[in-house]
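Observations on chain architecture
Residues per chain are reported as follows:
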Amino acid sequence: MDWLYRFPHMDDSTLTALKKSIDGGFRAFTRAYGDAIESFFDPLQYFLIHSERFMTTTPWPIIIALIAAIAWFASRNWKIVASAIITLLLIGFFDMWNDTMKTVSMIFVCTVLSIAVGIPIGILMSRSDRLQSLINPVLDVMQTMPSFVYLIPVVMLLGIGRVPGLIAVVVYAIPPIIRLTNLGIRLVDKDVLEAADAFGSSNWQRLKNVQMPLALPTIMAGINQTIMMALAMVVIASMIGVQGLGQPVLKAIANQYFTLGMFNGLAIVGIAIIFDRTSQAYGKRLQKHLETVHG
Amino acid sequence: MAEASARGTGIIIKNLYKIFGKNPQAYIEAVRNGMSKTELNAEHGHVLGLKDINIDMPAGCIQVVMGLSGSGKSTLIRHINRLIDPTAGEVLVDDTDVVKMNENELRQFRRHKTAMVFQKFALLPHRTVLENAVYGLEIQGVPREKQLEAAGRWIARVGLEGFEDNYPNQLSGGMQQRVGLARALTNDAPILLMDEAFSALDPLIRMDMQSVLLDLQKEIKKTVVFITHDLDEALRLGDRIAILRDGEIVQQGTGQDIVLKPADDYISSFVKEVNRGRVIMVDTIMTSDMRNGGTGLPSVATGTILEHAARIMSEEHVSEIHVHDDKGKPIGHIDMQAVISAMVTPISHETRQEAAE
Ligand SMILES: Nc1ncnc2c1ncn2[C@@H]1O[C@H](COP(=O)(O)OP(=O)(O)OP(=O)(O)O)[C@@H](O)[C@H]1O
Ligand SMILES: [Mg+2]
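Calculation criteria
All residue numbers refer to positions counted from 1 along the written sequence of the respective chain. Just so you know, chain letters begin at A and ligand numbers begin at 1, following the order they were written in. Totals for whole chains, interfaces and linings use every residue, but because this is a predicted model, local features are given only for residues with pLDDT of at least 70 and side-chain atom pairs only at 80 or more, for both listing and counting. Based on all heavy atoms of the structure, the side-chain values leave hydrogens and waters out of the count. The rule for donors is simple: an N, O or S atom within 2.8 Å of the metal counts, and for Na, K and Ca the reach is 3.2 Å. Water is not among the atoms, so a site may look short of donors. A run of H or I in DSSP counts as a helix once it spans at least four residues, and a run of E counts as a strand once it spans at least two, with each numbered from the N terminus. The buried label goes to any residue with under 20% of its type's maximum accessible area, the exposed label to any with over 50%, and the partly exposed label to all in between, with areas taken from a 1.4 Å probe on protein chains only. A side-chain nitrogen of Lys or Arg and a carboxyl oxygen of Asp or Glu constitute a salt bridge if their distance falls within 4 Å. UniProt positions are given in the numbering used here, feature names are shortened, and annotations may be inferred rather than shown by experiment. It only takes one pair of heavy atoms within 4.5 Å for two residues to be counted as in contact. As a working definition, buried area equals the accessible area (1.4 Å probe) given up by two parts on being put together, with both sides summed. Polar contact is the term for a pair of N or O atoms within 3.5 Å; when the atoms are in protein, one must be able to donate a hydrogen and the other to accept it, and sequence-neighboring residues count only if both atoms are side-chain atoms. Throughout, nonpolar core names a set of buried Ala, Val, Leu, Ile, Met, Phe, Trp, Tyr and Cys residues whose side chains join them through atoms within 4.5 Å. Those domain boundaries reflect an automatic or database domain assignment. One bridge is not enough; two strands pair if DSSP finds at least two bridges between them. For helices, the fitted axis covers only the stretch in contact; all axes are lines through C-alpha atoms, and the angles between them, taken along N-to-C directions, range from 0 to 180 degrees. Think of it this way: one heavy atom of a residue within 4 Å of a molecule or strand is enough to make that residue near it. Shrake-Rupley sampling with a 1.4 Å probe provides the accessible areas, and residues are treated as covered by the protein chains on show and by no other component. Following the grouping adopted for this structure description, the nonpolar residues are Ala, Val, Leu, Ile, Met, Phe, Trp, Tyr, Cys and Pro, the charged ones are Asp, Glu, Lys and Arg, and the polar ones are all others, Gly among them. Space inside and on the surface of the protein is sampled on a 1 Å grid over the protein atoms alone, with a cavity defined as a set of points where a 1.4 Å probe fits but cannot get out and a pocket as an open set with protein on both sides within 12 Å along at least 5 of 7 lines; lining residues have an atom within 4 Å of a point. Grid points are joined across faces, edges and corners, and a volume is the space filled by probe spheres set on the points.

So, on to the coordination of the magnesium ion (ligand 2). Note on metal sites: the ideal angle is 109.5 degrees for four tetrahedral donors, and 90 or 180 degrees for six octahedral donors. All names here are of chain B. Bound to the magnesium ion (ligand 2) on the protein side are Ser74 (OG) and Gln119 (OE1), at distances that span 1.9 to 2.3 Å. Taken as a pair, serine 74 in helix H4 (residues 73-80) and glutamine 119 in the loop between strand E6 (114-117) and helix H6 (129-133) lie far apart in primary sequence, 45 residues in all. What makes glutamine 119 partly exposed here is its relative accessible area of 31%.

This part covers the pattern of salt bridges. Oppositely charged side chains are able to pair whenever their charged atoms sit close together. Residue and element names in this part refer to chain B. Tallied over the entire structure, the rule returns 23 salt bridges over all chains. Glutamate 307 is the salt-bridge partner of arginine 311, the closest N and O atoms lying 3.8 Å from each other. One end of the pair is arginine 311 and the other is glutamate 307, both in helix H15 (residues 306-315) and four residues apart, which spans about a single turn.

Let's shift gears to the UniProt feature "domain: ABC transmembrane type-1" (unreviewed entry) in chain A. Annotation from UniProt places "domain: ABC transmembrane type-1" (unreviewed entry) at residues 100-279 of chain A. The distance from the first to the last C-alpha atom of residues 100-279 of chain A is 19 Å, and the span holds 87% helix and 0% strand.

Contact residues are listed per partner, giving 31 residues for chain B and 23 residues for chain A. Note on chain B versus chain A: buried area summed over both sides is about 2200 Å², and carbon and sulfur give 58% of it. Of all residues in chain B, His126, Tyr135 and Asn169 of chain B bury the most surface against chain A, accounting for 26% of the area lost on that side. Taken together, the connections running from chain B to chain A amount to one salt bridge. For arginine 78 of chain B, the salt bridge is made with glutamate 194 of chain A, and the minimal N-O distance between the two is 2.6 Å. Counting across the chain B and chain A interface gives nine residue pairs in polar contact (both at pLDDT 80 or more). Every element with two or more residues in the side of chain B that touches chain A is listed here: helix H5 (103-113), E6, helix H7 (135-140) and helix H9 (173-186) of chain B.

A few words now on the nonpolar core. The tendency in soluble globular proteins is for nonpolar side chains to be buried side by side. Val210 of chain A together with Met194, Phe198, Leu213 and Phe226 of chain B are the most contacted members of the largest nonpolar core, which totals 72 residues. When we break this core down by domain, the ones giving at least three residues each are domain 1 (11-272) and domain 2 (277-343) of chain B. Excluding anything up to four places from it in sequence, leucine 213 of chain B contacts Ile62, Leu192, Met194, Phe198, Val224, Phe226 and Leu237 of chain B. In this structure, Ile67, Leu157, Leu166 and Ala173 of chain A belong to the second largest nonpolar core, which totals 64 residues.

Residues annotated by UniProt as "domain: ABC transporter" (unreviewed entry) correspond here to residues 35-271 of chain B. Its end C-alpha atoms 29 Å apart, residues 35-271 of chain B is made of 43% helix and 22% strand.

Let us now look at the pairing of strand E3 (residues 62-67) of chain B. Residues and elements named next belong to chain B. With respect to burial, E3 is a largely interior element, six of its six residues being buried. Because side chains alternate across E3, one face comprises the buried residues Ile62, Val64 and Met66, and the other comprises Gln63, Val65 and Gly67, equally buried. By the bridge criterion, five bridges tie E3 to strand E8 (residues 223-228) in an arrangement that is parallel. Bridge pairing links isoleucine 62 to valine 224 in E8.

Residue and element names in this part refer to chain B. With antiparallel pairing, the four strands of this open sheet are ordered in space as E2-E1-E4-E5. Every other strand in the sheet has two partners, leaving strand E2 (47-57) and strand E5 (96-97) as the edge strands with one partner each. Of the pairings in the sheet, the one linking strand E1 (residues 11-20) to strand E4 (residues 88-93) comprises five bridges and is antiparallel in character. Within the sheet, the bridge partner assigned to tyrosine 17 lies in E4 and is alanine 88. In the packing of helix H2 (residues 25-32) onto the sheet, contacts are made with E1, E2 and E4, and the angle to E1 comes to roughly 115 degrees.

Here the focus is the site of ligand 1. Residues and elements named next belong to chain B. In the vicinity of ligand 1 there are 14 residues, among which Ser69, Lys73, Ser74, Thr75 and Gln119 approach most closely. Between glycine 72 and ligand 1, the recorded distance is 3.0 Å, taken from a backbone N or O atom to an oxygen atom. Between ligand 1 and threonine 75, the relevant distance is 2.5 Å, taken from an oxygen atom to a side-chain nitrogen or oxygen of the residue. Protein coverage of the free-state accessible area of ligand 1, which is 630 Å², stands at 63%. In terms of residue count, the dominant contributor to the shell around ligand 1 is H4 (three residues). Residue composition of the shell around ligand 1, grouped by class: three nonpolar, eight polar and three charged.

Let's shift gears to the layout of surface pockets. All names here are of chain A. When its volume is computed, the largest pocket comes out at roughly 770 Å³. Lining the largest pocket are 28 residues, and of these Ile70, Phe108, Thr111, Ile227 and Phe275 sit closest to its centre. If you list the elements that add at least two residues to the lining of the largest pocket, you get helix H3 (42-57), helix H4 (60-75), helix H6 (97-127), helix H12 (203-237) and helix H14 (258-287). Here the lining of the largest pocket is built from residues that sort into 23 nonpolar, five polar and no charged.

Residue and element names in this part refer to chain B. With domains assigned, chain B is organised as domain 1 (11-272) and domain 2 (277-343). For domain 1 and domain 2, the distance between their C-alpha centroids amounts to 37 Å. Tallying the contact residues gives five residues for domain 1 and four residues for domain 2. Both faces combined, the contact of domain 1 with domain 2 buries some 390 Å², and carbon together with sulfur accounts for 74% of it. Where domain 1 meets domain 2, there are zero salt bridges. Inspection of the region where domain 1 meets domain 2 yields three residue pairs in polar contact (both at pLDDT 80 or more). Residues of the side of domain 1 that touches domain 2, tallied by class, amount to three nonpolar, two polar and no charged.

Glancing now at the side chain of threonine 278 of chain A. Residue and element names in this part refer to chain A. Following the sequence through the fold, threonine 278 ends up in helix H14. According to the relative accessible area criterion, threonine 278 is buried, its value standing at 10%. Here threonine 278 is in contact with Ile70, Ala71, Ala74 and Ile80, once residues within four sequence places are set aside.

Below, the discussion takes up the sheet that holds strand E10 (residues 248-253) of chain B. All names here are of chain B. Pairing is mixed in the open sheet, where six strands are placed in the order E6-E7-E8-E3-E9-E10. The open sheet has two free edges, formed respectively by E6 and E10, since each of these has just one partner strand. On average, each strand axis in the sheet is inclined to that of its neighbour by 15 degrees, with strand direction left out of account. As judged from the five bridges shared by E3 and strand E9 (residues 240-245), these two strands associate in the parallel manner. By the bridge assignment for E9, valine 65 is matched with alanine 242. Here H9 sits on the sheet and contacts E6 and strand E7 (191-195); the angle it forms with E6, its principal contact strand, is near 175 degrees.

This is the structure we're talking about:
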């Protein structure tokens, strides 16, 4: 009756051999293509470095003014602008300005990359039910896989540094934007699409004039979620060399520095709230004319 | 294309069938052989949308399509610009079969030959009234000033001047419908498809929009397909009327034909409520026995409606009137008695048949 209490598993040597051969194969792949892949991602490296340099070398009052201006144009809400300014001032006062700027820069690049990759995938997915049923399980895996696991292949391929961190963050954070682009386009009112067709719109015209504008509030919700997930992942990505607020948090965990951890954690919460409120308010403003008032 | 629109664009629909469902081709033969809509739905889970539709719409005429809710009117009009693909049949416009067009031909056809007003308005909610109105011209790539000029004119004509910068959700239902109308008219295509285009309008604006359409027809003769529930509207606008029931045409002809000779009870019940004085023409009831060789009495032209003839009689304090043809030659005579009995007797289908027997 032994098999009832011990799950009859694959025998140990076969399992080890299996793992070894997969690892070996991946390693060989890395050795063969690692450099090529790395140079493929060079533009990202360039983008990351320049964005970070801009955020950390620009005088802080200009950065605060810039963020306040963006918050104002997106939300048209003084409360959101005021709380953004106060949060940034507090972060600076508690000497976390540089780390925060590095994180903001990283999030910015991650979001831009996620949008650039995610929206086209979402659009393709909305056009074909087959593609949707193919991509959906992949997104499920991406969202449920423990985030640490992503770090392993990325590090093997690209080593430690900003770019591997960026890729790990984007892989983790991109699913909402893909899903909600797909959903937003699929939910566009059939009657309005029919009207666009009746006037002879080409595929591109119906995408540009009808589907994208009407899906935009939903897509904005996806961008908002992507930003939030990127912020969560940025701390974990600091394990593979991403600079910013994650590094002190990691140090605080290793050395049990309670206050250091709390301060940096709160700084992350602070910028998360700024991003969240601003992008949500923007999404709301986009929606203003889309609601039906009359029956 | 210019040459085609100069002589107008007729539409001929031939043996058109539409079955909704997973596998429509499988049932087309059965439907041709007389399977009913109920049977097809109950036993095979397919909906018979249209059955053997044949309509010839001459260029420059207003073709009205009438029928109760669910009779297939919207389905029919959507076949003309192929928003719906038929299961079988042809839709000939200028001798070209719309059903056989490829994607690109169809797009050009929709851009340059048709404009449509939708039952549910279908405005672009993120665009202002003006931006909605220019939509058709915009996607054709017409220069911006021309777009604005045409759109501005039609927005004014449908009575929405001053609302150019409003969004559809800031307008009432009737105003939204007029935006849809302005959008279609701005497109200036030879075929105008109007799916219950006036149904959300109040009676006064509705009359006004009917006049817009009739005036338009006097200047530039478009081929208009007009769907309505309202027989009075159908009779006022329609050069020809087709009546649909359960996806089949039960009668088509001029307004006079329909009112005076309803083909069955279904149509009689439509016709019962109509204001006959405004439909029936003097020609229909006049007799050819003339007093004094057609002199000494007021006279009206052929094609005059009874109501108008009656008004003249009462203004002139006479009880008889003559009818003359286009050249002024007297050809007939009617008296008040005949006018009144034609106006008040809604002859039902059965009584008419009984009388005939
Ligand atoms: N996509 C579809 N799938 C299945 N059945 C459909 C579809 N579209 C229309 N039908 C059916 O076809 C019939 C005709 O519908 P249609 O919309 O043409 O009616 P209508 O005459 O325009 O009615 P109304 O006056 O209410 O607008 C109805 O029985 C409807 O259920
Ligand atoms: Mg309809």
